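Overview (structure and organization)
Listed below, chain by chain, are the residues.
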Amino acid sequence: MKILEPIVFEPLLMERVWGGRRLETLMHKRLPAGSRFGESWEIVDRADAQSVVHDGPLHGRTLHELWTEFHEPVFGGGMEKSPRFPLLFKLLDAQERLSVQVHPPASVAAQLGGEPKTEMWYFIDASLQSDLYAGLKNGVTREDFVTALGEGRVADLIHHIPAHRGDAFFIPSGRIHAIGAGNLIFEVQQNSDTTYRVFDWNRLGLDGKPRELHVDESLQSIDFNDPEPGVVEQHGENVVSCDFFQVEKWALDQTRADEKAGFSIFTVIGGSLKCGGRTFATGDFFLLPATLENRTLTPLADGTTVLRTTIPRPV
């Protein structure tokens, strides 16, 4: 079986207490009126959340069906097999700052009943005073942290970093972090939905009640030997490479072919382009399947920029 066009999925929109409306105004998502939306899950294969193909010959198929029933033509060979597609893609609109949180490392995730999650952020937009919190300040110990928890001053111990449009940040499992207010972010992560909140700025949830915290799980998951990480130093087109994903940034000033074997997922973060007979604009995600022959991207506007994400093949 050959698939002769890019694959586009329906986004899943998530209301969040810290969200806003920029998924609509900047990324062109259709949002219901009157609500705050913090997340658009663009590509996901989970038991409780499934991407569905928007149109074309695979219309109505889920990402899980593609992964299990159409694996070779869509994704190609050479990857380690897993029960589900191993990545999850999101857009995040942080109108307000998110909770201080951590994702469990593999060494403790199973015993806590969770899943490990390493992720990365690319800052599509950032307001003048945007920031992020990640890692601990130099010299902070576990004992210091526990004391600060009891005194309600956890934020004082977390490394605080200005955030700018075009920055990238890597968050391995175990790194305590929080997205600051004013950021619009592309996120790719391991396929996990395990987040332990350790502090939420004394904020109420959408139901008017304080949101649940996971202090014990957080203390078991935080890497207390992770002082003051910085933004990613981007080298050429490579933004982030790790065992789970590779993200590149392509500035398209002319037609360019995606020449590497296997599948690629593209995110349009500026401008518009044509690929495989279709037009894509800012905010669009599309998957180029392994059997697609026409893999050229043609910019239709100045400043067209895409993020290209792949899964590293075992050597």
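Up top is the structure these notes are about.
Residues numbered from 1 in each chain as written. Predicted model: local features only at pLDDT ≥ 70, side-chain atom pairs only at ≥ 80, totals over all residues. Heavy atoms only, no water.

The next subject is the pattern of salt bridges. What the rule picks out here adds up to 24 salt bridges. Of the charged contacts, one joins Asp 55 and Arg 278 as a salt bridge, the two residues approaching to 2.9 Å between their closest N and O atoms. With Asp 55 in the loop between strand E4 (49-50) and helix H2 (63-69) and Arg 278 in strand E19 (residues 278-281), this residue pair connects regions lying 223 residues apart in the sequence. Residue Lys 260 is joined to Glu 248 by a salt bridge in which the shortest nitrogen-to-oxygen separation is 3.3 Å. Remark: Glu 248 occurs in strand E15 (residues 246-251) and Lys 260 occurs in the loop between strand E16 (256-257) and strand E17 (264-270); sequence separation between them is twelve residues. Lys 260 gets classed as partly exposed once you look at its relative accessible area, which sits at 47%. (Salt bridge = Lys/Arg side-chain N within 4 Å of Asp/Glu carboxyl O. Helix = DSSP H or I, 4+ residues; strand = E, 2+ residues; numbered from the N terminus. Buried < 20%, exposed > 50% of the residue type's maximum accessible area, 1.4 Å probe, protein only.)

Considering the arrangement of structural elements, one finds Ser 40 in strand E2 (residues 37-43). Separated by 2.6 Å, the side chains of Ser 40 and Glu 42 make a polar contact. When residues no more than four places from it in sequence are discounted, the contact partners of Ser 40 are Pro 11, Leu 12, Leu 13, Leu 23, Lys 29, Phe 89, Lys 90 and Leu 91. (Polar contact = N/O pair within 3.5 Å; in protein donor to acceptor, adjacent residues only side chain to side chain. Contact = heavy atoms within 4.5 Å.)

Quick look at the sheet that holds strand E20 (residues 285-288) now. Spatial strand order, E14-E15-E22-E17-E20: five strands in an open sheet with antiparallel pairing. A strand with exactly one partner marks an edge of an open sheet, and here the two such strands are strand E14 (238-241) and E20. Mean inter-strand twist for the sheet, computed between neighbouring axes without regard to direction, equals 20 degrees. Here six bridges tie E15 to strand E22 (residues 305-310), and the two strands are oriented antiparallel to one another. Across the sheet, the residue bridging to Gln 246 is Thr 310, located in E22. (Pairing = 2+ DSSP bridges. Axes fitted to C-alpha atoms, helices over the stretch in contact; angles between N-to-C directions.)

With that out of the way, let us pick up unusual backbone geometry. One non-glycine residue, His 28, lies in positive phi territory at about 65 degrees. Tracing the backbone through its elements, the reader meets His 28 in the loop between helix H1 (22-25) and E2. Residue class for His 28 comes out exposed when judged on its relative accessible area of 53%. Although it is not a glycine, Glu 228 adopts a positive phi angle of roughly 50 degrees.

The strand order across the open sheet built from six strands is E1-E2-E5-E12-E7-E10, with neighbouring strands paired in antiparallel fashion. Only two strands of the sheet have a single neighbouring strand rather than two, namely strand E1 (12-20) and strand E10 (168-171). The sheet shows a mean angle of 25 degrees between the axes of neighbouring strands, taken without regard to direction. In this structure, strand E7 (residues 119-126) lies alongside E10, joined through four bridges in antiparallel fashion. The residue bridging Glu 119 from the neighbouring strand is Ile 171, located in E10.

Before going further, it helps to examine empty space enclosed by the protein. Tallied over the full model, the rule gives one cavity of 30 Å³ or more. Each pocket or cavity is described by its volume, and for the largest cavity that value is around 40 Å³. If you trace the largest cavity, you find it lined by Ile 3, Glu 5, Pro 6, Ile 7, Val 53, Asp 55, Gly 56, Pro 57 and Leu 58. A per-class count over the lining of the largest cavity returns six nonpolar, one polar and two charged. (1 Å grid on protein atoms, 1.4 Å probe; cavity = no way out; pocket = protein on both sides within 12 Å on 5 of 7 lines; lining within 4 Å. Points joined across faces, edges and corners; volume = space filled by probe spheres on them. Nonpolar A, V, L, I, M, F, W, Y, C, P; charged D, E, K, R; others polar.)

For the rest of this paragraph, the subject is the nonpolar core. Residues Ile 7, Phe 75, Phe 85, Phe 89, Met 120, Tyr 122 and Phe 186 are the most contacted members of the largest nonpolar core, which totals 40 residues. Core analysis: the next-biggest nonpolar cluster, separate from the first, contains 19 residues, Val 100, Val 102, Leu 157 and Ile 158 among them. (Core = buried A, V, L, I, M, F, W, Y, C linked by side-chain atoms within 4.5 Å.)

Structurally, Pro 162 can be placed in strand E9 (residues 158-162). Considering only alpha carbons, one finds Pro 162 and Ser 241, 79 residues apart in sequence, at a separation of 23 Å. Once you skip the residues sitting within four places of it in the chain, Pro 162 turns out to touch Ser 130, Asp 131 and Asp 167.

This brings us to the packing of aromatic side chains. For any two aromatic rings, the description comes down to two numbers: the centre-to-centre distance and the angle of the planes. Taken as a whole and assessed by the stated rule, the structure comprises 16 aromatic pairs. Where Trp 250 meets Phe 266, the ring centres are 5.4 Å apart and the plane angle is 65 degrees; that geometry is what we call edge-to-face. You can see Trp 250 sitting in strand E15 and its partner Phe 266 sitting in strand E17, a full 16 residues away along the chain. Take Trp 250: its relative accessible area is 3%, and that puts it in the buried class. (Phe/Tyr/Trp six-rings, centres within 6.5 Å; stacked < 30°, edge-to-face > 60°.)

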